[in-house]
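# Observations on the model geometry
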Amino acid sequence: MDSILVTGNGALSGQIPIAGAKNACLTLMPAAILSDDPLTLTNAPRLSDIKTMTTLLESLGLEVASLQNGKVLAMSGRGANNLRADYDIVRKMRASILVLGPLLARHGRAEVSLPGGCAIGARPVDLHQRAMEALGAELELRDGYLHASAPNGLKGGIIDFPIVSVGATENALMAATLAKGTTEIRNAAREPEIVDLAHCLRAMGAQISGEGTSTITIQGVDSLGGATHPVVTDRIELGTYMLAPAITGGEVELLGGRRDLLAAFCDKLDEAGVDVTQTNTGLKVKRRSDHIKAVNVTTEPFPGFPTDLQAQMMAMLCTADGESVLEETIFENRFMHAPELNRMGAKIDVQGGTAKVTGVTRLKGAPVMATDLRASVSLILAGLAADGDTKVARVYHLDRGYEKVVTKLRGVGALIERIKGD
Ligand code: UD1
């Protein structure tokens, strides 16, 4: 298994291009199931999760062509001839559940393996199930698979989510586009990836209003057509690389970055003593002095502070002046990077969903590993400012969500390399 070696060498400067959003692409791709006409996504990120979704869609009979070195994905739902999402693929990636809504809406039936738990928490799919039931589908759990059917098609209805779920909102939104009548999704997720999905579905002919607010209304149509749609910027990749110059010093511009994608995160950086400036080409980040101030962070659904940036923020706060408290409210087990950061000399005390970080002057390089994507990248960020070498094992987590991490960080002066198979 490959690993990544980072050697802390001070300030970074230059530009980092930000890719299209993994999480948007993973919901835009299943939207291809909804139409017989081609759906083409531009600005797609080159990631192993995208390959997994490609494999899943191909297993359902869709054609997926990866063009321009993977930056363009051309898909067609015309050939769909298998309505079963197999455990062997679903277990690799929870976002596989996002084929449920489109399959049901377009073909009246779906069998989707339950994804099971994952490192950051139990992550059930009950809300996806309830949303489909609210649209008239019948669902039954058998042999580890959700068997869903709507023989006479889905019917519009009211879907009132008890908690905000990004994936369940996406499934509901896609399914409702072809349901008969009007659907209202209440307590909908407001993430930019939902807005991006709504824009794409509208380009395919769907009638949607209210995306980006907590009530989305969909007027079902008989069929959807094709579209070409650019994937929105990856706000989590953006936020991750914004933290690099915040941690090391220097000034880095994140090309394609937009403040509105990460307003709560930018406000926290400002409070910590890091300037974020919107330019014509992206976001420039520079800390105001040698010192980072401690700040308290609570993760929340959008527009709050994203859970997917909590680990990276913690890496920065390890060397802040004073004590920071990070509260994780979305996933129950998302502090696995804390003991690894402690091995690098950090002082983090985790109690349940709360982590208390007491700033230390310097971190020290160490061999570390992580069990999920965002935790892995937080260790790389910590390594950028640590004394000596940090070797991050289990790089396959990173490959799921960060394209060309070594090239991008080297481009701004980091000492980082990928070490093959040890
Ligand atoms: C998406 C993102 C993930 C991000 C998360 C929260 C993708 C591919 N992944 O995941 O990177 O961390 O949003 O911003 O877009 N829940 C239930 N029942 C359900 C569904 C969810 O109880 O049926 C719970 C989850 O366990 C979690 C909370 O709801 O505690 C929010 O999860 P959700 O927004 O659904 O996350 P995902 O869509 O899986």
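## Here we look at the pairing of strand E13 (residues 215-219)
On E13, burial follows the alternation: Ile-216 and Ile-218 on one face are buried, whereas Thr-215, Thr-217 and Gln-219 on the facing-out side are not. Alignment of strand E11 (residues 182-186) against E13, held across five bridges, turns out to be antiparallel. Looking across to E13, one finds that Thr-183 is bridged to Ile-218. Pairing geometry for strand E12 (residues 207-209) and E13, over three bridges, is antiparallel. If you follow Ile-208 over to E13, its bridge partner there is Ile-218. Hairpin connection from E12 to E13: five residues lie between these consecutive antiparallel strands, with Gly-210 at a positive phi of about 90 degrees.

## Quick look at the sheet that holds E13
Strand order in the open sheet formed by four strands is E10-E11-E13-E12, and the pairing between neighbours is mixed. Two strands bound the open sheet, and with one partner strand each, they are strand E10 (158-160) and E12. Direction aside, the axes of adjacent strands within the sheet are offset by 15 degrees on average. The pairing of E10 with E11 spans three bridges and is parallel. By the bridge assignment, Asp-160 is partnered in E11 with Arg-186.

## Side note on the environment of Ile-292
Looking at the element boundaries, Ile-292 is found in the loop between strand E17 (282-287) and strand E18 (297-298). With 21 residues separating them along the chain, Ile-292 and Glu-271 place their C-alpha atoms 9.1 Å apart. Look past the residues within four positions of Ile-292 in its chain and what remains in contact with it is Ala-246, Ala-272, Val-274, Arg-287, Met-316, Leu-317, Ala-320 and Asp-321.

## Observations concerning the layout of surface pockets
Put simply, the second largest pocket is a space of about 330 Å³. Looking at the second largest pocket, it is lined by 18 residues, and the ones nearest its centre are Arg-287, Asp-290, Thr-319, Thr-361 and Arg-362. Those elements that place two or more of their residues in the lining of the second largest pocket are helix H8 (235-248) and helix H12 (373-385). Partitioning the lining of the second largest pocket into residue classes produces seven nonpolar, seven polar and four charged.

## Some details on the domain arrangement of the chain
The domain architecture assigned to the chain consists of domain 1 (3-19 + 233-419) and domain 2 (22-230). Taken over C-alpha atoms, the centre of domain 1 sits 31 Å from the centre of domain 2. Of the residues lining the interface, 23 residues belong to domain 1; the matching set on domain 2 comes to 19 residues. Interface area, domain 1 with domain 2, both sides summed: about 1800 Å², of which 50% is carbon and sulfur. The partner of Glu-403 in a salt bridge is Arg-46, and the shortest N-O contact between them spans 3.2 Å. Taken together, domain 1 and domain 2 are joined by seven residue pairs in polar contact (both at pLDDT 80 or more). Contributing elements (two or more residues each) for the side of domain 1 that touches domain 2: H12 and helix H13 (396-401). No other element matches H13, which puts three residues into the side of domain 1 that touches domain 2. Split by residue class, the side of domain 1 that touches domain 2 holds nine nonpolar, three polar and 11 charged.

## Quick word on the sheet that holds strand E15 (residues 250-255)
Spatial strand order, E2-E15-E17-E16: four strands in an open sheet with mixed pairing. Edge positions in the sheet fall to strand E2 (12-17) and strand E16 (274-278), since each of these pairs with one other strand and no more. Between one strand axis and the next, the sheet turns through 15 degrees on average, direction left out of account. Running over the sheet, H8 touches E2, E15, E16 and E17 and is turned about 30 degrees from E17.

Analysis parameters
- Residues numbered from 1 in each chain as written.
- Predicted model: local features only at pLDDT ≥ 70, side-chain atom pairs only at ≥ 80, totals over all residues.
- Heavy atoms only, no water.
- Buried < 20%, exposed > 50% of the residue type's maximum accessible area, 1.4 Å probe, protein only.
- Helix = DSSP H or I, 4+ residues; strand = E, 2+ residues; numbered from the N terminus.
- Pairing = 2+ DSSP bridges.
- Axes fitted to C-alpha atoms, helices over the stretch in contact; angles between N-to-C directions.
- Contact = heavy atoms within 4.5 Å.
- 1 Å grid on protein atoms, 1.4 Å probe; cavity = no way out; pocket = protein on both sides within 12 Å on 5 of 7 lines; lining within 4 Å.
- Points joined across faces, edges and corners; volume = space filled by probe spheres on them.
- Nonpolar A, V, L, I, M, F, W, Y, C, P; charged D, E, K, R; others polar.
- Domains from an automatic or database assignment.
- Buried area = accessible area lost by both parts, 1.4 Å probe.
- Salt bridge = Lys/Arg side-chain N within 4 Å of Asp/Glu carboxyl O.
- Polar contact = N/O pair within 3.5 Å; in protein donor to acceptor, adjacent residues only side chain to side chain.

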